[in-house]
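If you want the building blocks of each chain, they are given just below.
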Amino acid sequence: MSRKKYLRFQIYLLVILSNKCDSILDDLNISPEHLPYFFNLLPEVKQKCIQDTDCKYKKYLNTSGCWSYENNCHFTSSRSYSQPLCEGDSKGWVSSKKEQLELFYNQADFGFVKEQRGQLQYICRPDQKSGLSSNLECTDHLKFCRGTNIRLDLTSLASRSTPVRYHMDVLSPGDVHGHCRLDRVLQQRHSDMISPLQSWGPELRHFTATPTPPHQWQCDVWYHRPVIVVKIDAAVSLYHHFCDFVNLYISQHVNATDEFAFSTDVDVLVWESYPYISSFASVWRAFTRRPVRTLADVAGKRLCFKHVMFPLLPRMIFGLYYNTPLVWGCEKSGLFRAFNRHVLHRLHVPTPAPLPDRRVRVTLLARQTQHRRVLNQDDIVRAMQLRPDIVLSVAEFNHGQDFELQLRAITATDVLVGMHGAGLTHLLFLPDWAAVFEIYNCGDEHCYKDLARLRGVFYYTWQHPHKMASEDEGTHPEHGAHEKFQNYRFDPVEFMRLLDEAVEAVRRHPAWLSSDNHQQKRHEPQLPAKQEL
């Protein structure tokens, strides 16, 4: 090698190493609350920061905190990020408080992550001696998979006449393969949940091993960055689409093996050919800095992935959080608190402290839909306006409104009030001390009550049917009379009684009481506050 080529090679190495160092130490973009847990999860990254004199995260390295899914960390330890509570009755689910706590942790907290990480096994195994450089690892039932050097042939999509959404016939045998040793028996055993949004079985049951090494593959696109292939639920619904985002965040923890576990330097491919349009599209910035692509963008092409992840899906059996069976009497999932912090940090949404004058900020979600409207909303608003200790906002969120502005309103809310509906999913981003008042659950008793338990906020709903009235019986398009297809009137006195319970619960919360604003103002005289709307 000539001296000139040698110098160029050395410069190239320096650039590569410099970029890698920057990506490790300067591009984490992780919530400060999470940084100690991140570094303790990945000791090699922690050591790099210790050795790097320019590492800006050194103040986060001297703690012993852990997420709780690590081998040396139990969720009951004071070191654990997760600190679930089970102060209520389990109603026969279990026979002891210990079992109750463990069940909730495994159902709805980082215990779910720990279980998935423990299930990972090779469906297709690499073999250095034989030169096999691909691999495919999956959890039970192919709910989560990750692979290295994987080829995906989508040439058949170029001539497909029907658009893809929830279809299970996109791939055929051999359309997805790797240069590895396939365990066909294991693959068949776990290809048992063939449903669009329950597993990757519909796709990866067709995985085959190829004798051709990756460097000889014919690829129209080689992805050297990690790729996340996602199957999403209804992107129009806040409730259902956030089930996608929650499971993607969970999957990042399942996949966390190196410093790039939560990197946004990834490509996202949505497993459908319809254009991706959603009012909540900005949330993808919490996961990727790159445009979200769909199958329409790659139809007819052969894709080759250096690293690819097939994350947990929104409608898994016993998954999170759609239709999740939760043991009674428990709340406060550390996993959902972590999701709250992660998304708000990545989207640069501030989290204001309580008001220093101890007034409680109440946000009423005003529905603009045909059904589940509060017919005497004006009477209820006037009743709240008469309260000098409440700051009231009436929010008319809609699909045309900037979602980040909605999040800013929610993080500055102490009590969220609204009828049963997807808008209550905003509760995922309430402050830790907050409360939710679901005015009426419309017969769907557990949906938002359980979501509030997962987030760890107080929950209230209507208790006396004789103090409310429906406009009519309502008509479901297929099932006749239904509570979700009606409009209602509520007794303002009873409404304010329930609101008072929520307000007082907020004021008693330790996080509310320990706020810097309240510590400074606790012994100062309070002046009457003006009413705000």
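Check the entry above for the structure.
Values in this document were obtained by computation on a predicted structure and should not be read as measured data.

Notes on the overall build of the protein
In step 1: Across its full length, the protein carries 16 helices and 18 strands.
In step 2: Dimensions of the protein, computed from the C-alpha atoms along their principal axes, are close to 85 × 60 × 50 Å.
In step 3: When the 533 residues of the protein are sorted by exposure, 52% land in the buried category.
In step 4: Residue pairs at least 24 apart in sequence account for 73% of intrachain contacts in the protein once pairs closer than 6 positions are excluded.
In step 5: Accessible surface, the protein as shown: approximately 24,500 Å² in total, 51% of it carbon and sulfur.
In step 6: Looking at the protein, you have 62 positive and 59 negative side-chain charges, and the mean spots of the two groups are 7 Å apart.

Some points on the state of the cysteines
In step 1: This model, assessed by the stated rule, comprises six disulfides.
In step 2: In this model, cysteine 49 is linked to cysteine 55 through a disulfide, with the two sulfur atoms separated by 1.8 Å. A torsion of -85° about the S-S bond marks the disulfide between cysteine 49 and cysteine 55 as left-handed.
In step 3: In this structure cysteine 55 comes out as buried when scored by relative accessible area, which is 7%.
In step 4: A sulfur-sulfur separation of 2.0 Å characterises the disulfide bridge that pairs cysteine 86 with cysteine 330. On the sign convention where negative means left-handed, the S-S torsion of about 110° between cysteine 86 and cysteine 330 marks this disulfide as right-handed. Placement of the pair is cysteine 86 in the loop between helix H3 (43–51) and helix H4 (97–108) and cysteine 330 in the loop between strand S11 (302–310) and helix H10 (334–346), with a sequence separation of 244 residues.

A short note on the packing of H4 against helix H5 (residues 110–119)
In step 1: At a minimum axis distance of 4 Å, the contact between H4 and H5 shows a crossing angle of 65°. Comparing their axes, H5 and H4 come out roughly perpendicular. Where H4 crosses over H5, the two elements pack in a sense that is right-handed. Contacts between H4 and H5 involve Tyr105, Asn106 and Gln107 from the first element and Phe110, Gly111 and Phe112 from the second.

Some details on the environment of phenylalanine 336
In step 1: Tracing the chain through its elements places phenylalanine 336 in helix H10.
In step 2: When the C-alpha positions of phenylalanine 336 and glycine 456 are compared, they lie 8.4 Å apart, and in sequence the two are 120 residues distant.

Points about the pairing of strand S16 (residues 458–461)
In step 1: Looking at chain direction, strand S15 (residues 435–438) and S16 are connected through four bridges and run parallel. In the sheet register, valine 436 faces S16, and the bridge partner there is tyrosine 459.
In step 2: Handedness of the β-α-β unit built from S15, helix H13 (residues 447–455) and S16 comes out right-handed.

Considerations on the side chain of aspartate 414
In step 1: For aspartate 414, the location among the structural elements is in the loop between helix H12 (403–411) and strand S14 (415–418).
In step 2: There is a polar contact of 2.8 Å between the side chain of aspartate 414 and the backbone nitrogen of arginine 361.
In step 3: Leave out the neighbours within four places in its chain, and aspartate 414 touches Arg359, Val360, Arg361, Trp433, Ala434, Ala435, Val506 and Trp512.

Section: the pairing of S15
In step 1: The two faces of S15 match: Ala435 and Phe437 on one face and Val436 and Glu438 on the other face are all buried.
In step 2: The pairing of S14 with S15 spans four bridges and is classified as parallel. Its bridge partner lying in S15, valine 415 is registered against alanine 435.

Topic: the side chain of threonine 411
In step 1: Tracing the sequence through the fold places threonine 411 in helix H12.
In step 2: At a separation of 2.9 Å, a polar atom in the side chain of threonine 411 contacts the main-chain carbonyl oxygen of proline 350.
In step 3: If near-sequence neighbours (up to four positions away) are discounted, threonine 411 is found in contact with Leu344, Val349, Pro350, Thr351, Pro352, Phe429 and Pro431.

A short note on the nonpolar core
In step 1: Of all hydrophobic cores here, the largest spans 120 residues; its most connected members are Phe242, Tyr321 and Phe339.
In step 2: Ranked by residue count, the leading element in this core is helix H8 (residues 238–254), at ten residues.
In step 3: One finds Leu364, Ala435, Ile439 and Trp462 within the second-largest nonpolar core, a separate group that totals 33 residues.

A short note on the sheet that holds strand S12 (residues 360–365)
The strands that make up a sheet pair up through hydrogen bonds in the backbone, lying either parallel or antiparallel.
In step 1: Read from one edge to the other, the open sheet built from five strands follows the order S13-S12-S14-S15-S16, with strand pairing classed as parallel. In this open sheet, the two strands that pair with only one neighbour each are strand S13 (390–395) and S16. Across the sheet, the mean angle from the axis of one strand to that of its neighbour is 20°, orientation sign disregarded.

Observations concerning H10
In step 1: Compared with the 18 Å implied by 1.5 Å per residue over 13 residues, the 18 Å span of H10 between its first and last C-alpha is a close match.
In step 2: Buried residues dominate H10, accounting for eleven of its 13 residues.
In step 3: Within the span of H10, buried status applies to Gly334, Leu335, Phe336, Ala338, Phe339, Asn340, Arg341, His342, Val343, Leu344 and Arg346.
In step 4: Looking at where H10 begins, the residue whose side-chain oxygen comes 3.2 Å from the main-chain nitrogen of leucine 335 is serine 333.
In step 5: Phi for histidine 348, located one or two positions after H10, is positive at around 60°.

Notes on H3
In step 1: The set of residues buried in H3 consists of Val45, Lys46 and Cys49. Looking down the long axis of H3, one finds its buried residues gathered within 100° of arc, a one-sided arrangement. Opposite the buried face of H3, by more than 90 degrees, sit the exposed residues Pro43, Glu44 and Gln51.

Things to note about the environment of serine 156
In step 1: By secondary structure assignment, the location of serine 156 is in the loop between strand S3 (145–153) and strand S4 (176–178).
In step 2: Linking serine 156 and proline 325, residues 169 residues apart in sequence, is a C-alpha distance of 40 Å.

A short note on the packing of H5 against H8
In step 1: For the pair H5 and H8, the least separation of the axes is 9 Å and the interaxial angle reads 55°. Here H8 runs oblique to H5, going by the angle between their axes. Taken as a pair, H5 and H8 cross one another with a handedness that is right-handed. On H8, the residues touching Phe110, Phe112, Val113, Gln116 and Arg117 of H5 are Ile250, His253 and Val254.
In step 2: Along the lines of polarity and charge, the residues of the contact of H5 with H8 split into five nonpolar, two polar and one charged.

Here's the deal with the packing of aromatic side chains
In step 1: Summed over all chains, the structure comprises 35 aromatic pairs.
In step 2: Measuring from ring centre to ring centre gives 6.2 Å for tyrosine 276 and tryptophan 284, while their planes differ by 75°; the resulting arrangement is edge-to-face.
In step 3: Judged by centre distance (5.1 Å) and plane angle (40°), the ring pair of phenylalanine 437 and phenylalanine 495 falls under tilted. Here phenylalanine 495 lies in helix H14 (residues 492–508) and phenylalanine 437 lies in strand S15, a separation of 58 residues in the sequence.
In step 4: Using a relative accessible area of 0% as the deciding quantity, one classes phenylalanine 437 as buried.
In step 5: Look at phenylalanine 495 and you get buried, because its relative accessible area is 0%.

Parameters and conventions
Residues numbered from 1 in each chain as written. Predicted model: local features only at pLDDT ≥ 70, side-chain atom pairs only at ≥ 80, totals over all residues. Heavy atoms only, no water. Helix = DSSP H or I, 4+ residues; strand = E, 2+ residues; numbered from the N terminus. Buried < 20%, exposed > 50% of the residue type's maximum accessible area, 1.4 Å probe, protein only. Contact = heavy atoms within 4.5 Å. Areas by Shrake-Rupley, 256 points an atom, 1.4 Å probe, with all protein chains shown as cover. Lys, Arg positive; Asp, Glu negative; His and termini not counted. Charge placed at Lys NZ, Arg CZ, Asp CG, Glu CD. Disulfide = S-S within 2.5 Å. Axes fitted to C-alpha atoms, helices over the stretch in contact; angles between N-to-C directions. Parallel < 35°, antiparallel > 145°, perpendicular 65-115°, else oblique. Left-handed = near helix turned anticlockwise from the far one by under 90°. Pairing = 2+ DSSP bridges. Right-handed = clockwise from strand over helix to strand, strands pointing away. Polar contact = N/O pair within 3.5 Å; in protein donor to acceptor, adjacent residues only side chain to side chain. Core = buried A, V, L, I, M, F, W, Y, C linked by side-chain atoms within 4.5 Å. Expected span 1.5 Å × (residues − 1). Arc of directions from axis to C-beta. Nonpolar A, V, L, I, M, F, W, Y, C, P; charged D, E, K, R; others polar. Phe/Tyr/Trp six-rings, centres within 6.5 Å; stacked < 30°, edge-to-face > 60°.

None of this, on its own, says anything about what the molecule does.
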